[in-house]
Amino acid sequence: QVQLVESGGGLVQPGQSLKLTCVASGLRVDLYTLGWFRQAPGKEREKIACVSRNLKAPKVNLKEGQIATSRDNANNAIYLEMPNLSPDDTAVYYCAATSRVNCERTMDYWGEGTLVTVAS
């Protein structure tokens, strides 16, 4: 039974930083491709970053040079570090996993998401 649980969301002020955690059970993060996605209310889900199972360096698709993602094999988790948040970053953030090499719109497993609200 695969389960992905995100945590670390909440209300933050503009300019602050936030670190999200996704803990996986039922699969090993070093054997799967895992990624971060986000979805604002009424908007399409968009890909943020991806850690491929081919063990290549993590790829950031959104806000490259600012957002950082990493994999923690010891804790079977992945992280998402977001500095200098703005109101445009308000969304539900999801982690997802797939047996494929790349992160796609269709993933095999999804977490329930954690809400990040950026407001003064």
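As a starting point, this report considers the structure included with it. (Residues numbered from 1 in each chain as written. Predicted model: local features only at pLDDT ≥ 70, side-chain atom pairs only at ≥ 80, totals over all residues. Heavy atoms only, no water.)

**Digging into the packing of aromatic side chains**
The line we're drawing: Think of it this way: a Phe, Tyr or Trp ring, Trp meaning its six-membered ring, pairs with another when their centres are within 6.5 Å, and the plane angle makes it stacked under 30 degrees, edge-to-face over 60, tilted otherwise. Counting from the N terminus, the helices are DSSP H or I runs at least four residues long and the strands are E runs at least two residues long. Two conditions define a charge sitting above a ring: the NZ of Lys or the CZ of Arg must be within 6 Å of the ring centre, and it must be within 35 degrees of the ring normal.
Within this structure, the stated rule accounts for three aromatic pairs. On the basis of an interplanar angle of 85° and a centroid distance of 6.3 Å, the ring pair of Tyr94 and Trp110 is categorised as edge-to-face. Highlighted residues: Tyr94 in strand E9 (residues 91-98) and Trp110 in strand E10 (residues 109-110), separated in sequence by 16 residues. Directly above the ring of Tyr79 sits Lys19, whose terminal nitrogen or CZ lies 4.5 Å from the centroid. Over the aromatic face of Trp110 sits the side chain of Arg45, whose NZ or CZ is 4.1 Å from the ring centroid.

**Considering the state of the cysteines**
Here, disulfide denotes a covalent bond that connects the sulfur atoms of two cysteines. Applicable threshold: Here, the term disulfide refers to a pair of cysteine sulfur atoms separated by no more than 2.5 Å.
With the rule as written, the count across this model stands at two disulfides. Between the sulfur of Cys50 and that of Cys103 lies a disulfide, 2.0 Å long from S to S. Taking the torsion about the S-S bond as the criterion, the Cys50 to Cys103 disulfide, at about 85°, is right-handed. A residue pair is termed long-range when its members are at least 10 positions apart, and Cys50 in strand E5 (residues 46-51) and Cys103 in the loop between E9 and E10 qualify at 53 residues.

**Some details on the pattern of salt bridges**
Quick note on the threshold: By definition, a salt bridge exists where a carboxyl oxygen of Asp or Glu is found within 4 Å of a side-chain nitrogen of Lys or Arg.
All told, the structure shown has four salt bridges when counted by the stated rule. Among the ionic pairs, Glu46 bridges to Arg38, the shortest N-O distance being 2.7 Å. Taking the shortest distance from any N to any O, the salt bridge between Lys63 and Asp89 comes out at 2.5 Å. Of this pair, Lys63 sits in the loop between strand E6 (59-60) and strand E7 (68-72) while Asp89 sits in the loop between strand E8 (77-82) and E9, placing them 26 residues apart in sequence.

**Overview of the sheet that holds E8**
Note the cut-off: What makes two strands pair is DSSP finding at least two bridges between them. Only the contacting stretch of a helix is used when fitting its axis, a line to C-alpha atoms as for every element, and angles between N-to-C directions run 0 to 180 degrees.
An order of E1-E3-E8-E7 is seen for the four strands of this open sheet, with the pairing classed as antiparallel. A single partner strand is all that each edge strand has here, and the edge strands are strand E1 (3-7) and E7. Ignoring strand direction, the axes of neighbouring strands in this sheet form an average angle of 15°. Inspection of the sheet shows E1 paired to strand E3 (residues 18-25) by five bridges, in the antiparallel sense. When the sheet's bridge partners are listed, Gln3 is paired in E3 with Ser25.

**Points about the pairing of E7**
Relative to E8, E7 runs antiparallel, the two sharing five bridges. Considered in E8, the bridge of Thr69 is made with Leu80. In this antiparallel pair of consecutive strands, E7 and E8, the connection spans four residues, and Asn76 shows a positive phi of 50°.

**Description of the pairing of E5**
Bridging between strand E4 (residues 33-39) and E5 involves five bridges; their strand directions are antiparallel. Residue pairing for E5: Leu34 is matched across the bridge by Val51. Counted between consecutive antiparallel strands, the loop separating E4 from E5 contains six residues, among which Gly42 sits at a positive phi close to 75°. The sheet contact formed by E5 and E6 spans two bridges and is antiparallel.

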